[in-house]
Amino acid sequence: MKVLVVFYSMYGHIYRLAEAIAEGARTVAGTQVEMRRVPETLSQEVLKNMGAVEAQKAFAHIPVCEVDELASADAIIFGTPTRYGNMCGQMKQFIDATVNLWASGALVGKVGSVFTSSATQHGGQESTLLTFHVPLLHLGMIIAGLPYAFQGQMRIDEITGGSPYGASTIAGGQGERMPSENELAGARFQGKHVATIASQLTK
Ligand SMILES: Cc1cc2nc3c(=O)[nH]c(=O)nc-3n(C[C@H](O)[C@H](O)[C@H](O)COP(=O)(O)O)c2cc1C
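Residues numbered from 1 in each chain as written. Predicted model: local features only at pLDDT ≥ 70, side-chain atom pairs only at ≥ 80, totals over all residues. Heavy atoms only, no water.

A. Representation of the pattern of salt bridges. For the structure on display, the rule yields eleven salt bridges. As a salt-bridge pair, Lys-57 and Glu-54 come within 2.7 Å of each other at their nearest N and O atoms. This pair shows no difference in class: Lys-57 is exposed, exactly as Glu-54 is. A salt bridge links Arg-155 to Asp-157; its shortest N-O distance comes to 2.9 Å. For Arg-155, a relative accessible area of 33% gives the class partly exposed. Residues joined in a network through salt bridges with shared partners are Lys-2, Glu-34, Arg-36 and Glu-69. (Salt bridge = Lys/Arg side-chain N within 4 Å of Asp/Glu carboxyl O. Buried < 20%, exposed > 50% of the residue type's maximum accessible area, 1.4 Å probe, protein only.)

Set out below in structure tokens:
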């Protein structure tokens, strides 16, 4: 049973969550986990202006995803930073390239799940997660989120990401905050949750 973690990250927050998602998925016996980046669409000059060049070196070793690879997975967990309350353009462009998979029904019945990051606490994480579920439903995927069985999302003693729709982190206005232990625990839970469902579906 194969779980693919497909992400875009500009400054490393989503990458950190993606590692935790993969870690959680690997705890399910018989699960093969692979990580992929979606192709960059911004020029080096724009990335430099956005201060992303150094940060992106940390995950440059992760292979870039080919759209057709999605068909080989039993579950796909997508990670995207929030951009104006939605997924980022790089991810949208990748999703828009899945049309042949849509036409052939290649992703029908596979598990789909999403995690995100935003600068601010109420900056659109839930809208990013929920609107990302829409194309996954068009592709025929079975949506899995982050159930309240992950009780860390109930915490109010510290600022924390995580909602029933998926794991998340709050990066701060300057990207100065990296995922907390609680947020990483949520990501690990989501990875394990998705892998558990996928292994039951593929029995
Ligand atoms: C064009 C653009 C739009 C953004 N829109 C939002 C937003 O709507 N809400 C928010 O809280 N943060 C927003 N951010 C901040 C990003 O979500 C933040 O940089 C990201 O979560 C960091 O994750 P990463 O390091 O994996 O890229 C935006 C950033 C950019 C560059």
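So much for the structure itself; the text now carries on.
B. Spotlight on the site of the ligand. The ligand sits among 17 residues. The nearest are Ser-9, Met-10, His-13, Ser-117 and Gly-123. Between an oxygen atom of the ligand and a main-chain N or O atom of Gly-12, the distance comes to 3.0 Å. When residues of the shell around the ligand are traced back to their parent elements, those giving at least two are α1 (13-26) and β4 (111-118). Class assignment for the residues of the shell around the ligand results in seven nonpolar, nine polar and one charged. (Near = heavy atom within 4 Å. Polar contact = N/O pair within 3.5 Å; in protein donor to acceptor, adjacent residues only side chain to side chain. Helix = DSSP H or I, 4+ residues; strand = E, 2+ residues; numbered from the N terminus. Nonpolar A, V, L, I, M, F, W, Y, C, P; charged D, E, K, R; others polar.)

C. Structural view of unusual backbone geometry. Backbone geometry at Tyr-84 places phi at a positive 50°, although glycine is not the residue there. Its location among the elements puts Tyr-84 in the loop between β3 (75-81) and α4 (89-96). Exposure remark for Tyr-84: the relative accessible area of 86% places this residue in the exposed category.

D. Layout of the packing of α1 against helix α7 (residues 181-201). Contact geometry for α1 and α7: axes closest at 6 Å, N-to-C directions at 45°. The orientation of α1 relative to α7 falls into the category oblique. The crossing of α1 and α7 is right-handed. For the pair α1 and α7, contact is made by Arg-16, Leu-17, Ala-20, Ile-21, Glu-23, Gly-24 and Ala-25 and by Glu-183, Leu-184, Ala-187, Arg-188, Gln-190, Gly-191, Lys-192 and Ala-195, respectively. (Axes fitted to C-alpha atoms, helices over the stretch in contact; angles between N-to-C directions. Parallel < 35°, antiparallel > 145°, perpendicular 65-115°, else oblique. Left-handed = near helix turned anticlockwise from the far one by under 90°. Contact = heavy atoms within 4.5 Å.)

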